[in-house]
Amino acid sequence: MKGIILTVNEQFKYDTVKSFVDNNSTNFKNLSLKLKVSLKTAYNLVNKYRNEGKLGFRHKNHDHKPSHTISDDIKKRIIDIYYSLGTDVNFSHFTDILKRDYNISISRSVIHNTLRNAGFYSPKSRRDTIKKRNDLIKEKLLNKAKLSDFEQAIVADHLLDSTEAHPRKERSKYFGELVQMDASVHHWFGDSKYHLHAAIDDATGRILGLFFDKQETLYGYYQITKQILQNYGIPAQILTDNRTIFNYNKNGKSSDERDTFTQYGFMCHRLGIALSTSSIPQVKGRIERLFQTLQSRLPIEMRLKNIDCVDKANEFLLSYINEFNSQFALPYNHTIDAFEKQIDNSEINEALSIVSLRTTDNGGCIKYKNHYYHFINASGNVVVPVPKTQCLVVKKFDGELAAIIDEFCYNLEEFQIHREDSILESPTPKVKKTYKPPLSHPYKLQSYLNYLNKYRKKMQNNYSY
C-alpha cells in the first residue's frame, strides 16, 4: 500500500478502521462515534477496507482535474505576456489587457494566483505583502540563494516600498459641485518627464480633463478648464493645491506673467466659480488617488500604442478619458448636477485669457513680449493714443491680442520696425491688365449686328449645305 497518499482526514479514517479490523472488534457503534459518522457509514468503511484496502479510502476524484481548470499552456502564455509587458503592470489592469488585446477572458483571482505562483507581485500589493516579500528576498540574499529575474529587479530598486495610505473622505452630493485639479510629474512616455494636468469630479470620480505639458503651467490648467467648459459647463467650485498659478503673494517686484492670481483667479471670478486652495494632499485626496491609478495604468497604455511625443500623448488622452470613465466613474443623473449652462467657444476663448497692464510710448505703440504693436480701430485704421496712456492687453486663448483703453476696445497689430521695400531695390513692375469688352458691349453691339446681317450671309453662300 506504499505510494498511496491520503489526506489527513482520510488517513485518520484508514488508521481507525485498520485498528478496528486487526483487533477483531465488533462494536460498530463505538467505531461510528470515533469516526463521527453514522452506523451505516461505519459498516461501509469496514467493507471498503476488507475489499480495497488503503486505496478504498482515497477520493475517486483525486487525480481528476475540474473541467474549468486552466491549462498549463495558457498559464505559461499568461506569464510570458506579463513578463513582456513589464512587471510594473498591476494585476487588475493586466486582466483588462488580456481580455481586450489577447482575447483571454479569465477572472482576476486566477490571474492573481497564476502570477503569484510564478513569483510575481502586483505593484498594488498591500504593505504587509510587500514587507513579507522583501523579508523573503533578504533571507535569500543572506543564504546566497538564487534569485529570480523579478526578485533581482526588486533588489536593484533597493526594496523600496512606495505604498501610501490616504484617509477616506465623503464625496460631494452633486455632480459638478466640486472639481479637484492638480498636476503630477512622472515618466509617462519616452525618456523625459512630463507634467500631467488633471481635473476630476469629487462626486462621481469622473475625469473631466487631462493635458500634458513640459512644466506645470497656467496654459496646462487653461487646457483642462477648456475641456470642462466645453463638455460639461461651469462648475460650482474648484479645489487645487496652493501654487502660484492660483494663489500668488507678492514678494518684491513681480511681472504680469508671474502674478498669475489675476489670471486664473480672475477667470474664476468672471465665471462665478469659487476657487479654493490647500497645500495638504489629504484635503484633495480624490485627485491624488487618481494620479496613483494613472501612474500605474497610463504609461502601459501609451507604451502599447507606441506613443513617444507629447502631441500624440495629448491626442490619445481624449479617447482614454472615455475609456477610464466607463470603467471607474460612478453613474450620475444628468438632470441633477451643479454645472451651469455651457458657454460657446467664443465666450470660452475670452474667459481663458491673460490680462496684462501696458503703457503706450511716444509713438503710440506698446511693447508686449519683445514685440511692438499699434492700435487698430473697428474701421481698420491706425489709432495713435496719447503718450503714457495705460491700457489692458488681453491675450485670448487662441493667441489673438486686443487692447482696452477706457471703455474702447482695439485690435493689436504687430508693428514692423523695418519697411518691406527700399529705394535701393528696383520696384516690382506692375503688370498692366488688358480689358477686352464683350460683343454685347454698346460700342460693339452695332458692328456685331452688321457682321451678322451682311458678311455672314456672303460667307454662307460660298458653301453648299
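Rules used in this analysis
Residues numbered from 1 in each chain as written. Predicted model: local features only at pLDDT ≥ 70, side-chain atom pairs only at ≥ 80, totals over all residues. Heavy atoms only, no water. Buried < 20%, exposed > 50% of the residue type's maximum accessible area, 1.4 Å probe, protein only. Helix = DSSP H or I, 4+ residues; strand = E, 2+ residues; numbered from the N terminus. Pairing = 2+ DSSP bridges. 1 Å grid on protein atoms, 1.4 Å probe; cavity = no way out; pocket = protein on both sides within 12 Å on 5 of 7 lines; lining within 4 Å. Points joined across faces, edges and corners; volume = space filled by probe spheres on them. Patch = residues over 30% accessible without salt bridge, like charges linked within 9 Å, V, L, I, M, F, W, Y side chains within 5 Å. Areas by Shrake-Rupley, 256 points an atom, 1.4 Å probe, with all protein chains shown as cover. Salt bridge = Lys/Arg side-chain N within 4 Å of Asp/Glu carboxyl O. Axes fitted to C-alpha atoms, helices over the stretch in contact; angles between N-to-C directions. pLDDT = per-residue confidence, 0-100. Contact = heavy atoms within 4.5 Å. Polar contact = N/O pair within 3.5 Å; in protein donor to acceptor, adjacent residues only side chain to side chain.

1. Looking at the pairing of strand S11 (residues 401–405)
Within S11, 4 of the 5 residues are buried, leaving the element largely enclosed by the surrounding structure. Where strand S10 (residues 390–395) and S11 come together, 4 bridges link them in antiparallel fashion. Paired with Lys-395 across the bridge in S11 is Leu-401. The hairpin formed by S10 and S11 contains 5 residues between the paired strands, and Gly-399 there has a positive phi angle of roughly 95°. Bridge count for S11 against strand S12 (residues 408–414) is 4 bridges, and the pairing is antiparallel. Its bridge partner lying in S12, Ala-403 is registered against Tyr-410.

2. Re the layout of surface pockets
It is a probe the size of a water molecule, rolled over the atoms, that shows where empty space is left. In this structure, the second largest pocket occupies an estimated 290 Å³ of space. Lining the second largest pocket are 14 residues; nearest its centre among them are Arg-270, Val-394, Lys-396, Ile-404 and Cys-409. At the level of secondary structure, the elements contributing two or more residues to the lining of the second largest pocket comprise helix H10 (261–271), S10, S11 and S12. No other element matches the 3 residues that S12 contributes to the lining of the second largest pocket.

3. A closer look at a nonpolar patch on the surface
Among the surface-exposed residues, Leu-445, Tyr-448, Leu-449 and Tyr-451 lie close enough to one another that they form a single nonpolar patch of about 320 Å² accessible area. Of note, Leu-449 is situated in helix H14 (residues 442–461).

4. Digging into the pattern of salt bridges
If the charged atoms of two oppositely charged side chains come close together, the side chains can form a pair. Per the counting criterion, the structure on display carries 10 salt bridges. The shortest N-O distance in the salt bridge between Arg-297 and Asp-96 comes to 3.4 Å. In this pair, Arg-297 sits in helix H11 (residues 285–304) while Asp-96 sits in helix H5 (residues 91–101), placing the two residues 201 residues apart along the sequence. For Arg-297, a relative accessible area of 8% translates into the label buried. For Asp-96, a relative accessible area of 29% puts it in the partly exposed group. A cluster of three or more residues bridged by salt bridges with shared partners is formed by Arg-100, Asp-101, Glu-301 and Glu-323.

5. Thoughts on the sheet that holds strand S2 (residues 194–201)
Taken in spatial order, the 5 strands make up an open sheet running S3-S2-S1-S4-S5, and their pairing is mixed. A strand with exactly one partner marks an edge of an open sheet, and here the two such strands are strand S3 (207–213) and strand S5 (274–278). Across the sheet, the mean angle separating the axes of adjacent strands is 20° when strand polarity is ignored. Taken together, the 6 bridges between S2 and S3 define a ladder with antiparallel strand orientation.

6. Focus: the confidence of the model for the chain
Mean pLDDT over the chain: 84, with 89% of residues reaching 70 or higher. Note that pLDDT drops below 50 for residues 159–166; the model gives that stretch 12 contacts with residues more than four away or on any other chain. Overall, residues 256–260 carries pLDDT values under 50, and its contacts beyond four positions in sequence, including any with other chains, amount to 16 contacts.

7. As for the side chain of Thr-389
As for its placement among the helices and strands, Thr-389 is situated in the loop between strand S9 (382–383) and S10. A distance of 2.4 Å separates a polar side-chain atom of Thr-389 from the backbone oxygen of Val-386. Beyond its immediate sequence surroundings of up to four residues, Thr-389 is in contact with Arg-358, Thr-359, Thr-360 and Ile-405.

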